[in-house]
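Results of the structural survey
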Amino acid sequence: MSTHRFAVNVTPKPGILDPQGRAVEGSLGHLGIGGVSAVRVGRRVELTVEAPDADAARAVVERLSSELLANPLIEAFAIEAIAGASSTVSEVR
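Everything numeric here is computed off the predicted structure, so don't read it as measured data.

Here we come to the pairing of strand E1 (residues 2-12). With eight of 11 residues buried, E1 lies mostly within the body of the structure. Where E1 and strand E2 (residues 43-51) come together, nine bridges link them in antiparallel fashion. Pairing of His 4 across the sheet is with Val 49, part of E2. Bridge analysis of E1 against strand E3 (residues 75-81) gives seven bridges, and the strand direction is antiparallel. Residue pairing in the sheet places Pro 12 in a bridge with Glu 75 of E3.

Written out as structure tokens, the structure reads:
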């Protein structure tokens, strides 16, 4: 078995209201920051999966993302492998 690190980025789907994004965008002028628009606020979940290989680990993260981490009606998610994080774990017998 080996361990694999992933990040899941969850954001509102296009066309879905994003009150947090609007609040951030509305505050930019008060901070004197211009040229920023279309702000969307989401969340990032990082996790380690122990699996036989990278494909099996990604399948676990895919299922976790679609069934638990993101609401498929209003949110989209993107899975990102975190580089250099895979390592071999020895089995305890």
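That covers the picture; the talk isn't over yet.
A few words on the side chain of Asp 18. Tracing the backbone through its elements, the reader meets Asp 18 in the loop between E1 and helix H1 (19-27). The side chain of Asp 18 is buried and forms no salt bridge, while Arg 40, the nearest opposite charge, is found at 4.2 Å. At 3.1 Å, the side chain of Asp 18 and the backbone nitrogen of Gly 21 are in polar contact. The residues contacting Asp 18, other than those within four sequence positions of it, are Pro 12, Val 39, Arg 40 and Val 41.

Positive phi values are uncommon outside glycine, yet Ala 38 reaches one of about 55°. On the secondary structure map, Ala 38 appears in the loop between H1 and E2.

Of the positions making up helix H2 (residues 54-69), those classed as buried are Ala 57, Val 61, Ser 65 and Leu 69. For H2, the angular spread of the buried residues around the axis is 75°, confining them to a single face. Among the exposed residues of H2, those oriented more than 90 degrees off its buried face are Asp 55, Arg 63 and Glu 67. In this fold, the buried residues of H2 make contact with E1, E2 and E3. Between the side-chain oxygen of the N-cap and the backbone nitrogen of Asp 55 there are 3.1 Å, and the N-cap of H2 in question is Asp 53.

Further remarks concern the pattern of salt bridges. In the structure shown here, the tally under the stated rule is five salt bridges. Note that Arg 43 is salt-bridged to Glu 75, the shortest N-O span being 2.9 Å. With Arg 43 in strand E2 and Glu 75 in strand E3, this pair connects stretches of sequence that are 32 residues apart. Note on Arg 43: relative accessible area 38%, which makes it partly exposed. Glu 75 gets classed as buried once you look at its relative accessible area, which sits at 16%.

Bringing the environment of Glu 80 into the picture now. Looking at the secondary structure, you find Glu 80 in strand E3. Overall, the relative accessible area of 34% leaves Glu 80 in the partly exposed class. For the pair Glu 80 and Glu 46, spaced 34 residues apart in the sequence, the C-alpha separation amounts to 9.3 Å. Non-local contacts of Glu 80, meaning those with residues more than four positions away in its chain, are made with Arg 5, Phe 6, Ala 7, Asn 9 and Arg 44. For Glu 80, the side chain forms a polar contact with the side chain of Arg 44, separated by 3.3 Å.

Thresholds, definitions, all that
- Residues numbered from 1 in each chain as written.
- Predicted model: local features only at pLDDT ≥ 70, side-chain atom pairs only at ≥ 80, totals over all residues.
- Heavy atoms only, no water.
- Buried < 20%, exposed > 50% of the residue type's maximum accessible area, 1.4 Å probe, protein only.
- Helix = DSSP H or I, 4+ residues; strand = E, 2+ residues; numbered from the N terminus.
- Pairing = 2+ DSSP bridges.
- Lys, Arg positive; Asp, Glu negative; His and termini not counted.
- Salt bridge = Lys/Arg side-chain N within 4 Å of Asp/Glu carboxyl O.
- Polar contact = N/O pair within 3.5 Å; in protein donor to acceptor, adjacent residues only side chain to side chain.
- Contact = heavy atoms within 4.5 Å.
- Arc of directions from axis to C-beta.

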